[in-house]
Amino acid sequence: MYSEKVMDHFANPRNVGELENANAVGQVGNAKCGDIMKIYMDIENDVVKDVKFKTFGCGAAIATSSMATEMVKGKTVEEALSLTNKAVMEALDGLPAEKVHCSVLAEEAIKAAIDDYKSRTGVSLGDSNSCSGCGVCCHKCNDVDGEK
Ligand code: FES
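Remarks on the overall build of the protein chain
And then number 1: Scanning the protein chain from terminus to terminus reveals five helices and three strands.
And then number 2: Across the protein chain, helices and strands are ordered from the amino to the carboxyl terminus as α-β-β-β-α-α-α-α.
And then number 3: Out of the 148 residues in the protein chain, the part that is buried amounts to 37%.
And then number 4: Within the protein chain, contacts between residues separated by at least 24 positions form 58% of all contacts whose residues are at least 6 apart in sequence.
And then number 5: Counting only carbon and sulfur atoms, one obtains 50% of the accessible surface of the protein chain, whose full area is about 8100 Å².

Set out below in structure tokens:
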């Protein structure tokens, strides 16, 4: 029922724990089963230097998080953001259909952690802090006098 890779990552999960100096932390709950996933990242110069996870999830959640953390380590923030649960499942040689929802936890927690990083560093996902020079000040560029 489970692939050898899933069993390996479940029995020997990589990157379990937390990072004391994390500058990106994301926690999400699984809408389907109520389980929880927390991801810690150490991001330097927009590169994921280190990543760890803790979960109240099932074996499939542990295996997918283990694989997902391996896949984003050393990657840029943008590359990490584009990781999908589908790619993680493929890297694990698949999951049973009833366990697919478990793989979403890791993807969402990674996105939540990067969101946290972006809000700490003042870069929003929508790039709303940059002034586009449109001539009509929307105040998102902090130019409160509208003189830009
Ligand atoms: Fe909840 Fe798998 S059953 S994460």
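Describing the pairing of strand β1 (residues 24-29)
And then number 1: Side-chain alternation along β1 places Ala24, Gly26 and Val28 on a buried face and Val25, Gln27 and Gly29 on a face that remains uncovered.
And then number 2: Pairing of β1 with strand β2 (residues 36-44), which is carried by six bridges, proceeds in the antiparallel orientation. Looking across to β2, one finds that Gly29 is bridged to Ile36.
And then number 3: Linking β1 back to β2 in an antiparallel pair, the connection comprises six residues, with Gly34 at a positive phi of about 85°.

The rules we used
Residues numbered from 1 in each chain as written. Predicted model: local features only at pLDDT ≥ 70, side-chain atom pairs only at ≥ 80, totals over all residues. Heavy atoms only, no water. Helix = DSSP H or I, 4+ residues; strand = E, 2+ residues; numbered from the N terminus. Buried < 20%, exposed > 50% of the residue type's maximum accessible area, 1.4 Å probe, protein only. Contact = heavy atoms within 4.5 Å. Areas by Shrake-Rupley, 256 points an atom, 1.4 Å probe, with all protein chains shown as cover. Pairing = 2+ DSSP bridges.

By themselves these figures say nothing about function.
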